[in-house]
Amino acid sequence: MLDRNRQKIVESVPQKGFFGHPKGLFTLFFTEFWERFSYYGMRAILVYYMYYKVSEGGLGLDESTALAIMSIYGSLVYMSGIIGGWLADRIFGTSKAIFYGGVLIMFGHIILSIPGSIGMFYISMVLIVLGTGLLKPNVSSVVGEIYSPDDLRRDAGFSIFYMGINLGSFLAPLIVGTIGMKQNNFHLGFLIAAIGMFIGLLVFILTKKNNLGLAGTIIANPLSSSEKKKVYTYITLGVVVLAVLIAVSIPLGYLTFDTFIALVGILGILIPTLYFVVMYRSPKTKAVERSRLLAYIPLFISSVMFWAIQEQGSTILANYADKRTQLNFAGIELSPAWFQSLNPLFIIILAPVFAWIWVKLGVRQPSVPTKFSLGLLFAGLSFLVILLPAYFGGSHSLVNPLWLVLSYFIIVLGELCLSPVGLSVTTKLAPAAFSAQTMSLWFLSNAAAQAINAQIVKFYSPATEMLYFGVIGGVAIVLSVVLFMVSGRIQGYMKGVR
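So, here is what we can say about the structure in this document. These figures come from a predicted structure and were not determined experimentally.

1. Quick word on the overall build of the protein chain
Move 1: The helix and strand tally for the protein chain stands at 18 helices and two strands.
Move 2: Taken over C-alpha atoms, the radius of gyration comes to 22 Å for the protein chain, in line with the 23 Å a tight globule of 498 residues would show.
Move 3: Taken along its principal axes, the extent of the C-alpha atoms in the protein chain is 60 × 55 × 40 Å.
Move 4: Counting contacts in the protein chain only where the partners sit at least 6 residues apart, residues at least 24 apart contribute 83% of the total.
Move 5: When the accessible surface of the protein chain is totalled, it reaches about 20600 Å², and 72% of it is carbon and sulfur.
Move 6: Put simply, the protein chain has 34 plus and 20 minus side-chain charges, and the middle of one group is 10 Å from the middle of the other.

2. Overview of the layout of surface pockets
Move 1: Counted as a void, the largest pocket has a volume near 2000 Å³.
Move 2: Lining the largest pocket are 43 residues, and of these L76, I83, L130, L242 and L267 lie nearest its centre.
Move 3: Where the lining of the largest pocket is concerned, the elements lending two or more residues are helix 3 (63-79), helix 4 (81-112), helix 5 (118-145), helix 8 (225-252) and helix 9 (257-281).
Move 4: It is helix 9 that provides the largest number of residues to the lining of the largest pocket, a total of 10 residues.

3. Brief notes about empty space enclosed by the protein
Move 1: Enumeration over the complete set of coordinates arrives at three cavities of 30 Å³ or more.
Move 2: Counted as a void, the largest cavity has a volume near 340 Å³.
Move 3: Around the largest cavity, the lining comprises 26 residues; the ones closest to its centre are Y40, Y162, W307, Q310 and E415.
Move 4: For the lining of the largest cavity, the elements supplying multiple residues, two or more each, are helix 2 (24-51), helix 5, helix 6 (154-181), helix 10 (287-310), helix 12 (342-361), helix 15 (401-429) and helix 16 (435-456).
Move 5: Here the lining of the largest cavity is composed, by residue class, of 10 nonpolar, 11 polar and five charged.
Move 6: Counted as a void, the second largest cavity has a volume near 60 Å³.
Move 7: What lines the second largest cavity is I309, Q310, G313, L317, N343, S382, F383, S407, Y408 and I411.
Move 8: Element by element, the count of residues in the lining of the second largest cavity is highest for helix 15, at three residues.
Move 9: Looking at side-chain class alone, the lining of the second largest cavity contains five nonpolar, five polar and no charged residues.

4. Brief notes about a nonpolar patch on the surface
Move 1: A grouping of F99, Y100, F198, L202, I205 and L206 is seen on the molecular surface, where their side chains present a nonpolar patch of about 560 Å² in accessible area.
Move 2: Elements supplying a minimum of two residues to the nonpolar patch: helix 4 and helix 7 (186-212).
Move 3: With four residues, helix 7 is the single largest residue contributor to the nonpolar patch.
Move 4: Along the polypeptide, F99 turns up in helix 4.
Move 5: Note on F99: relative accessible area 30%, which makes it partly exposed.

5. Considering the pattern of salt bridges
Move 1: Counting across every chain of the model gives six salt bridges.
Move 2: Note that E32 is salt-bridged to K136, the shortest N-O span being 2.7 Å. One end of the pair, E32, is in helix 2; the other, K136, is in helix 5, and 104 residues separate them in sequence.
Move 3: Overall, E32 belongs to the buried group, its relative accessible area being 0%.
Move 4: Of the charged contacts, one joins E311 and R43 as a salt bridge, the two residues approaching to 2.8 Å between their closest N and O atoms. Placement of E311 in the loop between helix 10 and helix 11 (316-323) and of R43 in helix 2 is noted, with a sequence separation of 268 residues between them.
Move 5: With a relative accessible area of 2%, E311 lands in the buried category.

6. Quick notes on the nonpolar core
Move 1: Grouped together as the largest cluster of nonpolar side chains are 133 residues, with contacts concentrated most on M42, L46, Y48, Y73, W442 and F469.
Move 2: With 15 residues, helix 2 is the largest single contributor of residues to this core.
Move 3: In this structure, Y48 is in contact with M181, F186, A318, D322, P336 and A337, ignoring residues within four places of it in sequence.
Move 4: Judged by nonpolar contacts, the second largest core, of eight residues, contains L87, A88, I91 and A97.

7. Quick word on the environment of W86
Move 1: Here W86 shows up in helix 4.
Move 2: C-alpha of W86 to C-alpha of I357: the two residues are 271 residues apart in sequence and 35 Å apart in space.

8. Re helix 3
Move 1: Taking 1.5 Å per residue, 17 residues should reach 24 Å; helix 3 reaches 24 Å between its end C-alpha atoms and fits that length.
Move 2: Along helix 3, 13 of the 17 residues are buried, which leaves the element largely enclosed by surrounding structure.

9. Digging into the environment of F161
Move 1: Within the secondary structure, F161 is located in helix 6.
Move 2: Taking the relative accessible area as the measure of exposure, F161 reaches 0% and is therefore buried.
Move 3: Taking the C-alpha atoms as reference points, F161 and L267, 106 residues apart in sequence, are found 30 Å from one another.
Move 4: Setting aside residues no more than four positions away along its own chain, F161 makes contact with L25, L28, F29, E32, V139, S140 and V143.

10. Digging into the packing of helix 2 against helix 5
Two packed helices can be described by the angle between their axes and the distance between those axes.
Move 1: At a minimum axis distance of 11 Å, the contact between helix 2 and helix 5 shows a crossing angle of 150°. The orientation of helix 2 relative to helix 5 falls into the category roughly antiparallel. In this structure, the crossing between helix 2 and helix 5 has a hand that is left-handed. In this structure, helix 2 uses L25, L28, E32, E35, R36, M42, L46, Y49 and M50 to contact helix 5, whose residues at the interface are F121, M125, I128, T132, L135, K136, V139, V142 and V143.
Move 2: By residue class, the composition of the contact of helix 2 with helix 5 is 13 nonpolar, one polar and four charged.

11. Considerations on the side chain of S71
Move 1: Looking at the element boundaries, S71 is found in helix 3.
Move 2: With a relative accessible area of 1%, S71 lands in the buried category.
Move 3: Setting aside residues no more than four positions away along its own chain, S71 makes contact with T315, Q450, N453, A454 and V457.

12. Digging into helix 17 (residues 465-485)
Move 1: Taking 1.5 Å as the rise per residue, helix 17 with 21 residues should run 30 Å; its terminal C-alpha atoms sit 31 Å apart, in good agreement.
Move 2: Every buried residue belonging to helix 17 is among E465, Y468, F469, I472, G473, A476, S480 and L483, and all of these are buried. Down the axis, helix 17 shows its buried residues gathered within 100° of arc, on one side only. In this structure, helix 17 carries L467, V478 and M485 as exposed residues pointing more than 90 degrees from its buried face.

What counts as what
Residues numbered from 1 in each chain as written. Predicted model: local features only at pLDDT ≥ 70, side-chain atom pairs only at ≥ 80, totals over all residues. Heavy atoms only, no water. Helix = DSSP H or I, 4+ residues; strand = E, 2+ residues; numbered from the N terminus. Rg over C-alpha atoms; globule rule 2.2 N^0.38 Å. Contact = heavy atoms within 4.5 Å. Areas by Shrake-Rupley, 256 points an atom, 1.4 Å probe, with all protein chains shown as cover. Lys, Arg positive; Asp, Glu negative; His and termini not counted. Charge placed at Lys NZ, Arg CZ, Asp CG, Glu CD. 1 Å grid on protein atoms, 1.4 Å probe; cavity = no way out; pocket = protein on both sides within 12 Å on 5 of 7 lines; lining within 4 Å. Points joined across faces, edges and corners; volume = space filled by probe spheres on them. Nonpolar A, V, L, I, M, F, W, Y, C, P; charged D, E, K, R; others polar. Patch = residues over 30% accessible without salt bridge, like charges linked within 9 Å, V, L, I, M, F, W, Y side chains within 5 Å. Salt bridge = Lys/Arg side-chain N within 4 Å of Asp/Glu carboxyl O. Buried < 20%, exposed > 50% of the residue type's maximum accessible area, 1.4 Å probe, protein only. Core = buried A, V, L, I, M, F, W, Y, C linked by side-chain atoms within 4.5 Å. Expected span 1.5 Å × (residues − 1). Axes fitted to C-alpha atoms, helices over the stretch in contact; angles between N-to-C directions. Parallel < 35°, antiparallel > 145°, perpendicular 65-115°, else oblique. Left-handed = near helix turned anticlockwise from the far one by under 90°. Arc of directions from axis to C-beta.

Function cannot be read off these values alone, since they describe shape.
Written as structure tokens, this is what we have:
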């Protein structure tokens, strides 16, 4: 039944019309472009908004607290993809999940744009976390739906989609970062982010009917009437219990910021573990799909290590750009927010090159595990590079910004080996009954990484800079070598998926 549905979806989507790819890729490309513009525009200035003084337009939080909040926030954004994937698979489908998610994100940014208290800040974060959880994994799942499983354009299509993500991510820090950091007008920057999400919603609504056909409308594993009643009851009870626990534990001092960080860290590891167990043991998962899930585990662990380094671009490296970098360079006054445009800029330049390489190599291209090992290798090297300025110039001198540029360039080489390939292989290794939820599992690797980061960012300081970058970068390189050595065995468990 699920295979027939997949075939019906592919047949309903015009297969030509966007750079030789299905026409639906246009809708998904620009929907994600504007969502990423919204998200990365907000993120480019968020950490500065948190730790800048109130007199400078910020919230006046401690720097280490602000860095930890950024990591926890990033972890929860991707962790909420579980909710979005489950709702799409069981209740209303991926198309509606994308729409509802965009609405929540837009309102979250609107609240951020209104000067208010720390309480308003946390409300906006909750809305953006839930909204991104609904939108992010499901829009990627729909990209997988518009191609047949054996379509050789899949990896190239995901690379083009990934370029759209990064085009929005590139422009956002330049526009939102420039306006938001100018005279510390953070709230105007957040308003621009809200407008970006509104445009993304318009693109999706106006083009989905003609471009996406049935993609996103068929519920993969719908709840029965009796199951719906139980689920809604459990959800209501869960919300009530959670609210009571929060209301009681905060005044008693049990729920503090440190305990919350520890809790998110535990959940970041526990939730994906439970997901693997549930999918593996489900009677709806076939024997071949179980083997593929086993192959997915080392890929998932490698992804966690990669994102633990990459996502520090919005925490440690953002702080590094603000505090340790020469911002007056070649007569130009640089905004620290601009450095967050480097990653997507390099992806925009290099993504078509990598897409061309994979298509040109065809069946001769490296296996998925080998690509992942290359991604980890470059991630480790990017951190080893950034420790060199402290080695040569000490931990108190301002650093030439080209060191940051080089570090971002190297991590992008790794990202293009791992991230779009990971998106693609997730759609191919996913059990049919858990298609959207498996995409949520892929994003949980990012959630786990940032939950870990929330624990370790407190160890960073100018005095520990070399040790911090050296240890993390070294661990990534060791894991890269191990993964490369076992890549053949992993490939065997993938049962024909390449």
